[in-house]
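Topology and contacts: notes
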Amino acid sequence: MNQSDTIQKLVSLSKRRGFVFQSSEIYGGLKSAYDYGPLGVELKRNIAAEWWKSMVHEREDVVGIDASIMMHPSVWKASGHLAGFSDPLVDCLNCKERFRADKQPKVEPGTEVVWVKGGKSSGEKVKGVVSQCGYVCPHCSSSQLSDERQFNLMFRTSIGPVDPLDEFLNEVQGKSLSRPELRAKLEDAIRTNAIYLRPETAQAMFVQFNNVQQTMSMKVPFGIAQQGKSFRNEVTTEKFIFRTCEFEQMEMEFFCEPGSQKEWHTYWVQSRMDWWKRFANDKSAFRDRWHEDSELAHYADACVDIEYRYPWGWDELEGVASRTDYDLTQHQKESGAKLSYFDQQKVDPATGKPGVRYLPYVIEPAAGLTRACLAYLCDAYAEEEGTDAEGENKTRVLLKLNPKLAPYKAAVLPLLKKEGMPDVARKIVADFYKAGVNASFDEQQSIGKRYSRHDEIGTPYCLTVDHQTLSDQTVTIRDRDTTRQERISVDRALEVVKARINES
Ligand code: GAP
């Protein structure tokens with residue numbers, strides 16, 4: 001399959017089958033915002049549930065929280081996001097598109113380039129020379145570009161009943177002020193009630209360190225996990241749901257004793273890699289990329305990107321960073337609260353007495369949930385050549401999703417809409433509903449079309465009620481990946497599907 005087509009095919013399948021829709025589509029759509037449809041939300045929730053199970057429920061050293069999206073503005077001052085969470089932004093003076101300087105391929109300064117005036121597909125050609133910046137416009141190849149300016153990625157809004165614009169107008173009315181003075185007054189007015197949509201879920205785990213540690217009597221090493229929405233005013237949104245302004249993260253801050261961080265970092269890289277591969281068909285499409293020292297943030301002593309081979313190449317899925325005690329130190333300084341940990345089991349080397357107080361170091365596995373949906377959809381998408389019931393050549397499109405991630409675990413299909421078959425099928429599907437196992441009752445169209453539909457949405461098992469069912473109380477169970485069918489008793493349908501899902 002042509003890899004460059006895969007994303008287009010996935011976008012189309014996602015819309016056609018109710019996985020992902022463009023946000024506000026009837027109004028022409030909102031750039032880079034997406035809605036998860038009935039099947040997309042099931043996939044997303046299943047991935048999130050597997051992450052929570054592995055990170056929280058299967059461990060005694062990690063607990064979860066669900067913090068608010070809005071936090072005190074000082075959080076973002078302490079974390080460094082207010083001052084430093086920005087991308088270098090450039091405007092093309094030719095086609096007027098805006099882009100991120102740091103994402104452009106390098107072009108030797110002095111290289112001659114040609115582009116079309118206005119960024120049109122044809123027209124007057126213009127020649128130029130690449131400046132010291134070492135890149136050209138990614139849209140029209142022009143070297144006529146604005147200077148880079150830093151653009152903060154946090155979404156700013158205001159809290160409370162005071163409208164900052166009214167405050168501003170009251171302040172400046174009747175005064176003759178220059179543009180920089182007006183700008184400064186406006187910034188002042190906005191700053192008073194400004195709050196930010198969180199650009200990551202991580203900070204709440206640092207800010208709530210004391211509360212969680214004390215209420216749950218957690219002993220270092222321990223972790224705090226969280227899943228939820230994050231927001232970044234990304235300059236470049238791209239590649240379907242890969243990079244969006246609103247997205248979901250699954251992050252965990254693991255607090256450990258200084259000196260043990262290397263061991264824990266290696267442990268979490270391995271553990272997270274195993275988790276990603278557990279649900280994938282092509283395990284070779286995941287790799288770890290260890291950051292060079294020159295790439296590391298100033299507070300990190302190691303960082304690994306877990307990357308996936310998307311149709312356009314290797315790109316990030318999760319970062320596992322060793323963040324030292326930077327975050328707790330910063331919040332301690334800014335808030336004045338003591339965020340250290342008193343370890344009663346240890347002897348203080350300075351005094352020889354039991355008990356040592358220290359600021360824990362942190363290992364942070366930070367994954368994207370919406371990005372995980374994309375990676376697993378890419379991994380699952382398959383096309384197989386074959387013949388249909390009439391002997392015609394046909395391409396079978398299927399999503400080979402791991403059954404644990406599949407939106408429906410089973411489809412229950414009466415072969416005909418008569419002879420009591422729908423009643424039997426309804427009884428079977430009712431058992432699934434009662435057990436909380438998501439299943440679909442489907443009696444529309446021919447059985448062949450229904451199998452195709454369920455292949456395409458990744459339903460791992462189809463249970464068909466046919467003539468034989470009426471005489472011997474058995475149904476066929478069809479496996480999505482092999483298309484093989486066997487007969488099982490109606491009474492055991494739920495148990496068999498549950499057992500196969502457990503084994504997957
Ligand atoms: N607390 C650390 C942190 O947020 P990050 O590498 O910026 O680290 C972690 O984000 C993960 O969140 C990324 O690996 C990616 O999967 C996801 N992510 C980040 N920005 C995203 C965006 N704009 N759209 C979708 N997912 C995003």
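Heads up: these notes are all about the structure in this document. (Residues numbered from 1 in each chain as written. Predicted model: local features only at pLDDT ≥ 70, side-chain atom pairs only at ≥ 80, totals over all residues. Heavy atoms only, no water.)

Secondary structure assignment for the protein yields 15 helices and 25 strands. Across its three principal directions, the C-alpha atoms of the protein cover 90 × 80 × 50 Å. A total of 504 residues make up the protein; the buried ones form 49% of that total. Of all intrachain contacts in the protein linking residues separated by at least 6 positions in sequence, the fraction that spans at least 24 positions is 64%. For the protein, the accessible area works out to roughly 25,700 Å², and carbon and sulfur atoms hold 49% of it. The protein carries 67 positive and 74 negative side-chain charges, and their two centres are separated by 2 Å. (Helix = DSSP H or I, 4+ residues; strand = E, 2+ residues; numbered from the N terminus. Buried < 20%, exposed > 50% of the residue type's maximum accessible area, 1.4 Å probe, protein only. Contact = heavy atoms within 4.5 Å. Areas by Shrake-Rupley, 256 points an atom, 1.4 Å probe, with all protein chains shown as cover. Lys, Arg positive; Asp, Glu negative; His and termini not counted. Charge placed at Lys NZ, Arg CZ, Asp CG, Glu CD.)

Let us now look at the pattern of salt bridges. One pass over the full model with this rule turns up 38 salt bridges. In this structure, K185 engages E171 in a salt bridge whose closest nitrogen and oxygen atoms are separated by 3.4 Å. Taken together, the residues K185 in helix α6 (residues 179-192) and E171 in helix α5 (residues 164-172) connect sequence positions 14 residues apart. Taking relative accessible area as the criterion, K185 reaches 27% and is therefore assigned partly exposed. Salt-bridge contacts for R478 lead to D455; the nearest nitrogen and oxygen are separated by 3.0 Å. (Salt bridge = Lys/Arg side-chain N within 4 Å of Asp/Glu carboxyl O.)

Below, the discussion takes up the site of the ligand. Close to the ligand lie 19 residues; E200, E234, T244, E251 and E316 are nearest. Between the ligand and the protein, one listed contact pairs a nitrogen atom with a backbone N or O atom of T244 at 2.8 Å. With respect to the ligand, the backbone of G368 contributes an N or O atom lying 3.1 Å from an oxygen atom. In the complex, 89% of the free accessible area of the ligand, which totals 550 Å², lies under the protein chains. Contributions of two or more residues to the shell around the ligand are made by β12 (246-256), β15 (313-322) and β18 (361-368). A breakdown of the residues in the shell around the ligand according to their chemical character gives six nonpolar, four polar and nine charged. (Near = heavy atom within 4 Å. Polar contact = N/O pair within 3.5 Å; in protein donor to acceptor, adjacent residues only side chain to side chain. Nonpolar A, V, L, I, M, F, W, Y, C, P; charged D, E, K, R; others polar.)

What follows concerns the sheet that holds strand β21 (residues 410-414). A sheet is described by the order of its strands in space; here five strands give the open sequence β22-β21-β23-β24-β25, paired in mixed fashion. Strand pairing shows two members of the sheet lacking a second neighbour, β22 (439-441) and β25 (485-489), which therefore form its edges. Direction aside, the axes of adjacent strands within the sheet are offset by 25 degrees on average. In terms of strand pairing, β21 meets β22 through three bridges, oriented parallel. Looking at β22, one finds that V412 is bridged to F441. Across the sheet, helix α12 (residues 421-435) touches β21, β22, β23 (461-465) and β24 (474-479), and the angle it forms with β22 is around 160 degrees. Docked against the sheet, helix α13 (residues 447-456) engages β21, β22, β23, β24 and β25, running at close to 170 degrees with respect to β21. (Pairing = 2+ DSSP bridges. Axes fitted to C-alpha atoms, helices over the stretch in contact; angles between N-to-C directions.)

Attention shifts here to the packing of aromatic side chains. Applying the stated criterion to the full structure yields 23 aromatic pairs. Geometrically, the ring pair formed by W276 and Y376 is tilted, given 5.8 Å between the ring centres and 35 degrees between the ring planes. Taken together, the residues W276 in helix α9 (residues 261-278) and Y376 in helix α11 (residues 369-380) connect sequence positions 100 residues apart. Across this residue pair, the class does not change: W276 and Y376 are buried. For the ring pair F286 and Y308, a centre distance of 5.1 Å and an interplane angle of 55 degrees mean the geometry is tilted. Here F286 is found in strand β13 (residues 286-290), whereas its partner Y308 is found in strand β14 (residues 302-310), with 22 residues between them in sequence. Take Y308: its relative accessible area is 4%, and that puts it in the buried class. An aromatic cluster of three or more residues is present, and its members are F242, W275, W276, F279, F286, Y308, Y310, W312 and Y376. It is K44 that lies over the ring of Y36; its NZ or CZ is 4.8 Å from the centre. (Phe/Tyr/Trp six-rings, centres within 6.5 Å; stacked < 30°, edge-to-face > 60°. Lys NZ or Arg CZ within 6 Å of the ring centre and 35° of its normal.)

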